[in-house]
Amino acid sequence: MATAAPPLDNHHRPSSSSSAAAYDPTFVPDAVKTFVVHLYRHIRDNNVYEIHQMYDTSFHTLTDRLFKDTPWPSVDAVSIFVDNDHVFCLLYKEMWFRHLFARGSVGLKERIESWDNYCELFGVVLLGNVNIQLPNQWLWDMVDEFVYQFQSFCQFRAKLKGKSEHEIALLREFDKAWNVYGVLNFLQALVDKSMIIEILEREKQGLEQFTATDGYDYNGGSNVLKVLGYFSMVGLLRVHCLLGDYQTGLKCLRPIDISQQGVYTSVIGSHIATIYHYGFANLMLRRYGDAIREFNKILLYIFKTKQYHQKSAQYEQILKKNEQMYALLAICLSLCPQVKLVEETVNAQLREKYGEKMTRMQRYDDEAIALYDELFSYACPKFITPSAPDYDEPLVNYNQDAYRLQLKLFLYEVKQQQLLVGVRTFLKVYSSISLAKLASYIEVDESTLRTILMTYKHKTHGADTRGKIKSNADIDFYIDDDIVHVVESKPSKRYGDYFLRQIVKMEGVINELDAIKLD
């Protein structure tokens, strides 16, 4: 564990205005004093509802009013109002650093200090010394911010050009701070120590209640370790996606059944992050059908509920991820045209945003490749290189290396897939066709055609998360006596959606009629 860096002098803190320059970490406004006293009391009383209100509303209100350009008061300044409670002070520091990162311009010392605070906070939780209940939103934010700061640190460290000798010396000295093994070990330790995998398994057998209570303990116990362990599985998926290890990421998420509602859906940020990374991992593993199904569900959910999150501090992030997932869905449907898996509402939004581009992406030319490049670059995670550089070598920036590698692998796959577009076009037209005739159409010999057809089979089939081979194609075929027989899947008609839309329209008409006043 990295030793704590010395407290920063005021002039080292990032400042964006004259008020920031005058920041006094020891000054505690009365409103903040009242906030920490009440938050501390509610935490001691395990009053989850009030904790959530203060955490999700009051904290942001005070931030907007008093701390837009400056950090919150230091933990030392507020500790006297909360009996110097160790756990509360760790929680307050976690929020303090999160606010600092949200403002941007974070220095190396703050990054190291934040790592130390997470080490201490998770260490206390893992030792079982936390007998409190916290809102799921807060616990998710802890895991989410932990992974974000790891990603941010790796990007920061990879931008070596322009770094001072002092910063290089600090990077050498605190080489354990935000080390990838340390990050993975903490997340895995939270999963193991919480026994969350066993809890979810027992729940399937009807021997445990976890999802039904949203992870809260109504028998006087603590939910902190269990729910942190649960969200850490999502955190592990995210870290492995950042590293480009998609198989391992999906394996970490396997204990959570994402086809059902769960604790991960109780927090909108967790819900979106889970499906975004799950879908992206499946996209990179050519499991396009699985990616399309989950993107469709979450995009429909966001479409129906986003108006309820307009006042949330996460609203902008929700909208950004929404747009990124539409871009990923456009990629999936261009590579695997399974429109039948997409709801009409989502499909209408998709066509409005990317209809023209998706048509051009069906072609096999440089423009199509450029469009795949554009959408992938916009929608992919911010990949990282987790290893530290050799500081004795010339200092160069390598923060884009991981992204360029993933983009190269993706575009290589796209080019292979696009070679099959011509074959698919002819298979759509015929129910059966001889190999000789099909070979003449696409201007290759029969031997080459057989290779192409085998490639088509390979590219449109893949193993799911449980190792079962399944097809991603809307068209399948088999060859019998040199004749290609085409099997096209029939889309199932969705009568329910149609009736629901008509009911909504009817209710609108009735409301309009009720509003008319007859003389």
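1. A closer look at the overall build of the protein chain
The helix and strand tally for the protein chain stands at 22 helices and five strands. A total of 519 residues make up the protein chain; the buried ones form 50% of that total. A separation threshold of at least 6 residues defines the contact pool for the protein chain, and within that pool the share at least 24 residues apart is 74%. When the accessible surface of the protein chain is summed, it comes to about 26000 Å², and 52% of that surface belongs to carbon and sulfur atoms.

2. A word on the packing of aromatic side chains
Inspection of the entire model under this criterion finds 29 aromatic pairs. Seen in terms of ring centroids, Tyr-55 and Trp-138 are 4.7 Å apart; in terms of plane orientation they differ by 15°. Their pairing is stacked. With Tyr-55 in helix α3 (residues 48-66) and Trp-138 in helix α7 (residues 136-158), this pair connects stretches of sequence that are 83 residues apart. In this structure Tyr-55 comes out as buried when scored by relative accessible area, which is 2%. On the numbers, 5.9 Å between centres and 65° between planes, the contact of Tyr-246 with Phe-280 is edge-to-face. A residue pair is termed long-range when its members are at least 10 positions apart, and Tyr-246 in helix α12 (residues 246-253) and Phe-280 in helix α13 (residues 268-284) qualify at 34 residues. Residue Tyr-246 is classed as buried on the basis of its relative accessible area of 7%. Take Phe-280: its relative accessible area is 0%, and that puts it in the buried class. Sitting above the plane of the Tyr-276 ring, Lys-321 keeps its charged end 4.4 Å from the centroid.

3. Focus: the state of the cysteines
Counting across every chain of the model gives zero disulfides. No disulfide involves Cys-119; its sulfur sits 14 Å from the nearest other cysteine sulfur, which is in Cys-154. Exposure remark for Cys-119: the relative accessible area of 3% places this residue in the buried category. Sulfur of Cys-332: no disulfide; nearest cysteine sulfur belongs to Cys-336 and is 8.0 Å away. Judged by its relative accessible area of 0%, Cys-332 falls in the buried class.

4. Remarks on a nonpolar patch on the surface
Together, Met-506, Val-509, Ile-510, Leu-513, Ile-516 and Leu-518 make up an exposed nonpolar region whose accessible area comes to about 620 Å². With respect to the helices and strands, the residue Val-509 is situated in helix α22 (residues 495-515). According to the relative accessible area criterion, Val-509 is partly exposed, its value standing at 41%.

5. Some details on the side chain of Asp-141
If you trace the backbone, Asp-141 turns up in helix α7. Classification of Asp-141 as buried rests on a relative accessible area of 10%. Residues in contact with Asp-141, not counting those within four places in the same chain, are Tyr-55, Glu-94, Arg-98 and Gln-314.

6. Examining the pattern of salt bridges
Under the defined criterion, the tally for this structure stands at 19 salt bridges. Arg-202 serves as the salt-bridge partner of Glu-208, at 3.1 Å between the closest nitrogen and oxygen. Between Glu-356 and Arg-360 there is a salt bridge, with its nearest N and O atoms 3.7 Å apart. Placement of both Glu-356 and Arg-360 in helix α16 (residues 344-361) is noted, with a separation of four residues, approximately one turn of the helix. The class of Arg-360 is partly exposed, set by a relative accessible area of 22%. Each of Glu-356, Arg-360, Arg-363, Asp-365 and Glu-367 takes part in a single network of salt bridges with overlapping partners.

7. Observations regarding the confidence of the model for the protein chain
On average, residues of the protein chain score 88 in pLDDT, and 92% of them reach the 70 mark or higher. Note that residues 1-19 has pLDDT below 50 and, in this model, 41 contacts with residues that lie over four places away or in other chains.

8. Quick look at α3
Here α3 is 19 residues long and its end C-alpha atoms lie 25 Å apart, about the 27 Å a rise of 1.5 Å per residue gives. At Met-54, α3 is bent by approximately 30°, the largest bend along its length. Taken as a whole, α3 has its buried residues at Val-48, Ile-51, Met-54, Tyr-55, Phe-59, Leu-62 and Thr-63. For α3, the elements touching its buried residues are α2 (30-44), α5 (86-103) and α7.

9. Thoughts on the nonpolar core
Ranked by size, the top nonpolar core spans 148 residues in total, and within it Leu-134, Trp-138, Tyr-230 and Ile-331 carry the most contacts. Top element by residues in this core is helix α11 (residues 224-243). It accounts for 13 residues. Once residues within four sequence positions are removed from consideration, Tyr-230 is found in contact with Ile-196, Leu-200, Phe-210, Ile-256, Gly-262, Val-263 and Tyr-264.

10. Notes on helix α14 (residues 288-305)
Over its 18 residues, α14 extends 26 Å from the first C-alpha to the last, a length consistent with the 26 Å expected when each residue adds 1.5 Å. Counting buried positions over the 18 residues of α14 gives 13, a clear majority of the element.

11. Notes on the packing of helix α6 (residues 108-126) against α11
Relative orientation of the contacting elements α6 and α11 amounts to 120°, with a least axis distance of 10 Å. Taken together, the axes of α6 and α11 lie oblique to each other. In this structure, the crossing between α6 and α11 has a hand that is left-handed. Contacts between α6 and α11 involve Phe-122, Val-125 and Leu-126 on the former and, on the latter, Val-224, Leu-225 and Leu-228.

What counts, and at which threshold
Residues numbered from 1 in each chain as written. Predicted model: local features only at pLDDT ≥ 70, side-chain atom pairs only at ≥ 80, totals over all residues. Heavy atoms only, no water. Helix = DSSP H or I, 4+ residues; strand = E, 2+ residues; numbered from the N terminus. Buried < 20%, exposed > 50% of the residue type's maximum accessible area, 1.4 Å probe, protein only. Contact = heavy atoms within 4.5 Å. Areas by Shrake-Rupley, 256 points an atom, 1.4 Å probe, with all protein chains shown as cover. Phe/Tyr/Trp six-rings, centres within 6.5 Å; stacked < 30°, edge-to-face > 60°. Lys NZ or Arg CZ within 6 Å of the ring centre and 35° of its normal. Disulfide = S-S within 2.5 Å. Patch = residues over 30% accessible without salt bridge, like charges linked within 9 Å, V, L, I, M, F, W, Y side chains within 5 Å. Salt bridge = Lys/Arg side-chain N within 4 Å of Asp/Glu carboxyl O. pLDDT = per-residue confidence, 0-100. Expected span 1.5 Å × (residues − 1). Bend = angle between axes of the 7 residues up to and from the residue. Core = buried A, V, L, I, M, F, W, Y, C linked by side-chain atoms within 4.5 Å. Axes fitted to C-alpha atoms, helices over the stretch in contact; angles between N-to-C directions. Parallel < 35°, antiparallel > 145°, perpendicular 65-115°, else oblique. Left-handed = near helix turned anticlockwise from the far one by under 90°.

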